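# Chain and residue survey
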There are 2 protein chains.
Amino acid sequence: MNDYDVRRDVSDQYSLRGRVFHKIRDDILNGKYKEGEELKEVSIGHEMGVSRTPVREALRQLELEGLVQIIPNRGAFVTGIQAKDVHDIYMIRSRLEGLCARWACENITKEQLEAMEENVYLAEFHVTKGNMEQIAELDNSFHRILYAACDSKMLEHLLIDYHEYVMRIRKKTLSTIERATQSNKEHHGIMEAIKMKDANLAERLADEHMKQAYDNMVKNGLFDLYREQ
Amino acid sequence: MNDYDVRRDVSDQYSLRGRVFHKIRDDILNGKYKEGEELKEVSIGHEMGVSRTPVREALRQLELEGLVQIIPNRGAFVTGIQAKDVHDIYMIRSRLEGLCARWACENITKEQLEAMEENVYLAEFHVTKGNMEQIAELDNSFHRILYAACDSKMLEHLLIDYHEYVMRIRKKTLSTIERATQSNKEHHGIMEAIKMKDANLAERLADEHMKQAYDNMVKNGLFDLYREQ
DNA sequence: ATACGCATAATTGTATACAACGTGTGCAAT
DNA sequence: ATTGCACACGTTGTATACAATTATGCGTAT
């Protein structure tokens, strides 16, 4: 992370509040706390050996992150993701990643472009080897590089927010080798468009890439754990 | 409040924390607290007659809203809006309002469409009369109707966020009668496209409308108060 | 048996006390 | 005069005590 940051950096790892925040967050994302479950300040605090104060603050942050809902005088509850929310987020992301790719054409640095090229070629290698673990990791970092390359703190944060948000669903996505191959080809195309500074093409390809990712996810029925009842 | 909510609903008006949150927020938006100014927990608490606890929580929320930056063990500082941020927000909004208009084609209710038509015709009337006050009010409500019509809590919240965010700049915008006339024509076009359920047209018009609004704002130099030094 | 009301428990909301951290000032050594 | 250090002060971080609100369970009346 380069300079100051407006929406994140909350959650410094070394304060109690930060540690509690990350702990609860992971527990939600990993499914330890399930949808609708109540998060009580005292029990969490006791469990982690801290008082209610840092727990409260962590829960307030998580509320703004959208992972918990706080009902005044009642408590904090884990929010569920509805199938429609997933759809909406992917469509929103498709527009915003398109915009991001457009801006990246003007603003990407040489280092970022090199990192992106390395990412794509490395991913192609792992695809041939079938290393799904590394492929998923490279997919994430491709998007992170793209987000940074647009040189807009506003847009970058927004996209990171949504990216993290869908990660809890996406744990098992990109799971088919066919999709991984196709996805990487799309990455390659976006990269080339940015390299050639073709803003219209870059925007269109990034937009379509996100829609493809969504369609694939739906086709493979890859988030039924979070399906609403 | 109807159902779950992902990013807001923090800030119930009736808790101390909620009141403090809104108070500080307004003070920042109205310019009482200036960019870079430090917000001390005790002084604000004393000023409002409350203890540090609700102030702390309010500041944490404001950090996630992007209005203050918190440096651990140092304090909370008001973040400024840069001209670039304004530009970025308008471009982001242009994409998202486009998406919103698209979805509105499928999901708008009869009541919402009627409200929209009424809004447009009423605005045309006030434009001929030159009632700038009412015109600005109608402009806001046109967009709110549009946001609700897309039937996506996710997108609606996001757009409302940004809408509120730019309001602090936009206080004096739409001030020329020429722009008001043009803006209302654009509203009319968006409405007609939604009415005809032409999603592609609606998306394009809404997107262009936002860009026009931005261009007009820049042309008239309408946010120099917040220009960075 | 069910529904209502009241008391009690559980939980969150707020205030305050104490600890930890950072900053600035003043004095001394050079 | 400048630099280094120590100490005091101010501010935030955390813990805990108390208040307010909500949930729960029991008893009684119908």
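Residues numbered from 1 in each chain as written. Chains lettered and ligands numbered in written order. Predicted model: local features only at pLDDT ≥ 70, side-chain atom pairs only at ≥ 80, totals over all residues. Heavy atoms only, no water.

### Considerations on the sheet that holds strand β1 (residues 38-39) of chain B
Residue and element names in this part refer to chain B. Put simply, the rule reads: Pairs of strands are assigned from DSSP output, requiring at least two bridges between the strands. Secondary structure elements are taken from DSSP: a helix is a run of H or I of four residues or more, a strand is a run of E of two residues or more, and numbering for both begins at the N terminus. We call two residues contacting when some pair of their heavy atoms lies within 4.5 Å. Throughout, an axis means a line fitted to C-alpha atoms (over the contacting stretch in the case of helices), and angles, computed between N-to-C directions, take values from 0 to 180 degrees.
Strand order in the open sheet formed by three strands is β1-β3-β2, with antiparallel pairing between adjacent strands. The open sheet is flanked by β1 and β2 (68-71), the only strands paired with a single partner. The pairing of β2 with strand β3 (residues 75-78) spans four bridges and is classified as antiparallel. Directly across from I71, in β3, lies its bridge partner G75. Set on the sheet, helix α3 (residues 52-65) makes contact with β1, β2 and β3; between it and β2 the angle comes to about 115°.

### Some points on the interface of chain B and chain A
Keep this limit in mind: As used here, buried area is the combined drop in accessible area, with a 1.4 Å probe, of two parts when they are placed together. Here, a salt bridge means any Lys or Arg side-chain nitrogen found within 4 Å of an Asp or Glu carboxyl oxygen. Polar contact criterion, stated in full: a pair of N or O atoms within 3.5 Å, where within protein one must be able to donate a hydrogen and the other to accept it, and residues adjacent in sequence count only if both atoms are side-chain atoms.
Opposite the 40 residues of chain B that make contact, chain A presents 40 residues. A combined buried area of about 3600 Å² lies between chain B and chain A, and 59% of that area is made up of carbon and sulfur atoms. Where chain B packs against chain A, one counts four salt bridges. B:R56 is paired through a salt bridge with A:E57; the nearest N and O atoms lie 2.8 Å apart. Our count for the chain B to chain A interface comes out at eight residue pairs in polar contact (both at pLDDT 80 or more).

### Describing the relation of the copies chain B and chain A
To keep it simple, the criterion reads: To line up the copies, we fit them by least squares on C-alpha atoms, keeping just the residues with pLDDT of at least 70 in both.
Mapping chain B onto chain A leaves a residual RMSD of 0.6 Å; the transformation is a rotation of 180° accompanied by 0.5 Å of translation along its axis. Such a combination of rotation and displacement between the chain copies is what one expects of a two-fold axis. The share of interface residues of chain B whose copies in chain A are also at the interface is 92%, consistent with both copies meeting through the same surface.

### Concerning the side chain of A:H163
Residue and element names in this part refer to chain A. The condition that has to hold: Relative accessibility under 20% of the residue-type maximum defines a buried residue, over 50% an exposed one, and the middle range a partly exposed one, all with a 1.4 Å probe and only protein chains included.
Tracing the backbone through its elements, the reader meets H163 in helix α7 (residues 153-170). On the accessibility criterion, H163 (1% relative accessible area) is buried. Within polar-contact distance, the side chain of H163 engages the side chain of R144 at 3.1 Å.

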